[in-house]
Amino acid sequence: MIILIISVIFVGLASGFAVGAGFVAFLTVLGVIPRITQLTKTQSKIHYYEVSVIAGVVVGGWISLNPVTLHIPVFFMSIVGALSGIFNGMLAAALTEVINVLPILAKRIGFHEKIVYLLMAMVFGKICGSLFQWIYFIDL
């Protein structure tokens, strides 16, 4: 029995380390965090970005493994949701800019002169999709 418990602990830790190493390698190779600091002109605060990513991964991992119920008012949850959306949007923007997805897509579909329209379509699509999810699927 003890061997089974030790092997489960070993496999769990090894899996966590593998996923964590892959995540860090993904962010490092693509240079996402430095690009976010360039876009926001906050290069001097790169340490805070790194700590926040690490803290987010650790807290998110802990919350996903434990049944946690937070009794937080809707007002504060809306602030957390807005900040989460801003972070995810900035991360997606930095990622697409790092791998040059938008210029390649605009050139392929013959839309390179009006790339602003492509960006605005993506922004409004994201906003409409998020609003639909919140209005239709979330019961407050």
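Student: Teacher, can you tell me more about the overall build of the protein here?
Tutor: What the protein contains, in helices and strands, is six helices and zero strands. Secondary structure elements of the protein occur, N-terminal to C-terminal, as α-α-α-α-α-α. Within the protein, buried positions represent 7% of all 140 residues. For the protein, the proportion of contacts with a sequence separation of at least 24, taken over those separated by at least 6, is 49%. For the protein, the accessible surface area stands at approximately 11300 Å², while carbon and sulfur atoms represent 76% of it. Separation of charge centres in the protein, based on 7 positive and 4 negative side chains, amounts to 8 Å.

Student: What is the right way to look at the nonpolar core in this model?
Tutor: Nonpolar side chains in soluble globular proteins tend to end up buried together. Core analysis: the biggest nonpolar cluster contains six residues, these being Leu27, Val32, Ile33, Ile36, Val53 and Ala94. The dominant element in this core, judged by the number of residues it contributes, is helix α2 (residues 32–40), at three residues. Setting aside its immediate chain neighbours within four residues, Val53 contacts Phe23, Leu27, Ile33 and Phe87.

Student: Can you walk me through the packing of aromatic side chains in this structure?
Tutor: Given two aromatic rings, their pairing is described by the distance between the two centres and the angle made by the two planes. Summed over all chains, the structure comprises one aromatic pair. Seen in terms of ring centroids, Phe75 and Phe76 are 5.5 Å apart; in terms of plane orientation they differ by 70°. Their pairing is edge-to-face.

Student: Sorry if this is basic, but what is going on with α2 here?
Tutor: Because each turn of an α-helix spans 3.6 residues, side chains separated by three or four positions in sequence point in the same direction. Of all the positions in α2, only Val32, Ile33, Ile36 and Thr37 are classed as buried. Mapping the buried residues of α2 onto a view down its axis gives an arc of 140°, with all of them on the same face. Phi for Lys41, located one or two positions after α2, is positive at around 55°.

Student: What should I look at first to understand the environment of Gln38 in this one?
Tutor: Along the chain, the position of Gln38 falls in helix α2. Judged by relative accessible area, Gln38 falls into the partly exposed class, the value being 41%. Taking C-alpha positions, Gln38 is 24 Å from Gly22, a pair spaced 16 residues apart along the chain.

Student: Got a minute to help me understand the side chain of Thr37 in this structure?
Tutor: As for its placement among the helices and strands, Thr37 is situated in helix α2. Within polar-contact distance, the side chain of Thr37 engages the backbone oxygen of Pro34 at 2.6 Å. Apart from the residues within four sequence positions on either side, Thr37 is in contact with Thr42, Gln43, Ile46 and Tyr49.

Calculation rules
- Residues numbered from 1 in each chain as written.
- Predicted model: local features only at pLDDT ≥ 70, side-chain atom pairs only at ≥ 80, totals over all residues.
- Heavy atoms only, no water.
- Helix = DSSP H or I, 4+ residues; strand = E, 2+ residues; numbered from the N terminus.
- Buried < 20%, exposed > 50% of the residue type's maximum accessible area, 1.4 Å probe, protein only.
- Contact = heavy atoms within 4.5 Å.
- Areas by Shrake-Rupley, 256 points an atom, 1.4 Å probe, with all protein chains shown as cover.
- Lys, Arg positive; Asp, Glu negative; His and termini not counted.
- Charge placed at Lys NZ, Arg CZ, Asp CG, Glu CD.
- Core = buried A, V, L, I, M, F, W, Y, C linked by side-chain atoms within 4.5 Å.
- Phe/Tyr/Trp six-rings, centres within 6.5 Å; stacked < 30°, edge-to-face > 60°.
- Arc of directions from axis to C-beta.
- Polar contact = N/O pair within 3.5 Å; in protein donor to acceptor, adjacent residues only side chain to side chain.

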